Amino acid sequence: MEKSLRMSKSKKQIPQTQLMGHIIAGYPSFESSLYAALGICQAGASYLEVQFPFSDPNADGSVIEEACNKSIAQGFKVAQGFKLLHTLSQHINQDNKQPTRLIIMTYANLIFHYGIEAFIKEAKKCGVWGIIAPDLPIESDESLRILAKKYHIRIISLIAPKVSISRIKKIAKISDEIVYVVARAGITGEKTHIDKALFEWIRLIQKHCKKPIALGFGINSYEQVAVLKDKVDIIVAGSYFVRFISELSTQSQLSPQDYMHKLQAHAQMLMGWDINE
C-alpha cells in the first residue's frame, strides 16, 4: 500500500484557478474514500473537503445526502473520519512541495457533540488545514473560532446570495484566508447557470472582500469552469465528485487503486488539466 500511494501532482504546483474537491468519509467504504481522495489530490487539487457525514445535511442535495446516509448506515464514526484524514495527510505530505490543504466539512451539531476543543485538537493532529460548517452562525459559534485560532485551524465561512452588503463585509472579515461564496440559492448538486446575474454576484463580493473567493454549488462541467476561471480564485466541486464515486461504487470489480486513478482523471477533466503536463 505504501508504494502505491506515493504522490506526485500532475499539473503545475499551484494552478492558476485552483480546485477544491470533495469526498464523503467512509463512502462507499473507508478504503475507497481514501483512494478517491488521493486521486483528487494527485490531480492537482489545492484543497479537499472531507465531509464527515451527518444525519440531516441541510445544505446538501440528494447525491451527497444519500452518500452520507450510506456511510452512516455502514457505521461511520467521527474517529473514522479522523483516521482517514491522518492517513491522507501522511501521504499527501510525503512527496509534495505544495500538498493539498485538507478541510473538514461537517455540521455544527457533530462538532459540538464531540466537544469543540477536542474536535479542533484532533483535527490539528490529523493535519487538517481548515473547517467548513455551513450551519454555524458567526454570532454564536460557542467559541469555535477562538479555539480554532489557538490551534491554527482556519474556519471558512460561507456567503450566500441575497445577504446584505453589511453581512457580506462581516463574513468576509471573519472568514479565515479564503471565503466560500455560494453561487446560487438552494442546495448542492443542482446545476448552476453561468449568466450575467452570477457575474454580478461575484463582482459584488469582490468589491467588499479582498480574500480569495472559492465559488461552489452546482459546478459540474469543464464548460462552466472555463467561463469562471478568470473570475474566481477557487472552483469548488462537491456533487461532481460524489456522483462519480457513486457510479463507481456499482462496479464491484474496481480496486481501491482504480478509484484513485479514475478520480484523478475526473478532476483533471473538470479543470481542463492535462495529465502529461
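Please refer to the structure placed before this passage.
An account of the accompanying structure is given in this report. (Residues numbered from 1 in each chain as written. Predicted model: local features only at pLDDT ≥ 70, side-chain atom pairs only at ≥ 80, totals over all residues. Heavy atoms only, no water.)

A few words now on helix α10 (residues 239-248). Taken across its 10 residues, α10 has seven buried, putting it largely inside the fold. Residues Ser239, Tyr240, Phe241, Val242, Phe244, Ile245 and Leu248 constitute the buried set of α10. Against the buried residues of α10 lie β1 (18-24), α1 (30-43), α2 (62-73) and α11 (256-271). (Buried < 20%, exposed > 50% of the residue type's maximum accessible area, 1.4 Å probe, protein only. Helix = DSSP H or I, 4+ residues; strand = E, 2+ residues; numbered from the N terminus. Contact = heavy atoms within 4.5 Å.)

In the structure shown here, the tally under the stated rule is 10 aromatic pairs. An aromatic cluster is built from Phe52, Phe76, Phe82, Tyr114 and Phe119, whose rings are joined through pairwise contacts. Directly above the ring of phenylalanine 199 sits lysine 231, whose terminal nitrogen or CZ lies 5.2 Å from the centroid. (Phe/Tyr/Trp six-rings, centres within 6.5 Å; stacked < 30°, edge-to-face > 60°. Lys NZ or Arg CZ within 6 Å of the ring centre and 35° of its normal.)

So, about the pairing of strand β2 (residues 47-51). Counting buried positions along β2 yields five of five residues, so the element is predominantly enclosed. Of the two faces of β2, both are covered, the one formed by Tyr47, Glu49 and Gln51 as well as the one formed by Leu48 and Val50. Direction of pairing for β1 relative to β2: parallel, over a ladder of five bridges. Of the residues in β2, the one forming a bridge with glycine 21 is leucine 48. With α1 bridging β1 and the parallel β2, this β-α-β connection has right-handed handedness. Pairing geometry for β2 and strand β3 (residues 101-105), over five bridges, is parallel. Paired with valine 50 across the bridge in β3 is isoleucine 104. (Pairing = 2+ DSSP bridges. Right-handed = clockwise from strand over helix to strand, strands pointing away.)

Here the focus is the nonpolar core. Counting residues in each nonpolar core, the largest one holds 99 residues, and the members touching the most others are Phe52 and Leu88. No other element matches α1, which puts eight residues into this core. Excluding anything up to four places from it in sequence, phenylalanine 52 contacts Ala25, Phe76, Val78, Gly81, Phe82, Leu85, Ile104, Met105, Thr106, Leu110 and Phe119. (Core = buried A, V, L, I, M, F, W, Y, C linked by side-chain atoms within 4.5 Å.)

At the junction of tyrosine 27 and proline 28, the peptide bond is cis and its omega measures out at 0° in the coordinates. Counting through the fold element by element, proline 28 comes out in the loop between β1 and α1. Even without a glycine there, the phi angle at histidine 152 is positive, about 60°. Mapping histidine 152 onto the fold places it in the loop between α6 (144-150) and β5 (154-156). Not every positive phi belongs to a glycine, and glutamate 177 is a case in point at roughly 70°.

Let us look at the environment of asparagine 109. Mapped onto the fold, asparagine 109 is located in helix α4 (residues 108-114). Classification of asparagine 109 as partly exposed rests on a relative accessible area of 48%. Between the C-alpha atoms of asparagine 109 and alanine 133, which are 24 residues apart in sequence, the distance is 9.4 Å.

Residues of helix α7 (residues 165-174) that are buried include every one of Ile168, Ile171 and Ala172, and no others. Seen along its axis, α7 keeps its buried residues to an arc of 100°; they face one direction. Exposed residues lying more than 90 degrees from the buried face of α7 are Ser166 and Lys173. (Arc of directions from axis to C-beta.)

The tally for this structure, following the rule as stated, stands at six salt bridges. Via salt bridges that share partners, Glu139, Arg167 and Lys170 belong to a single interconnected network. (Salt bridge = Lys/Arg side-chain N within 4 Å of Asp/Glu carboxyl O.)

This part takes up the pairing of β1. Judged by how many residues are buried, β1 sits mostly within the fold: seven of seven residues are covered. Side chains of β1 alternate between two faces, with Gln18, Met20, His22 and Ile24 and Leu19, Gly21 and Ile23 buried alike. Of the strand pairs in this sheet, β1 and strand β9 (residues 234-236) are connected by three bridges, and their pairing is parallel. What sits directly across from glutamine 18, in β9, is isoleucine 234.

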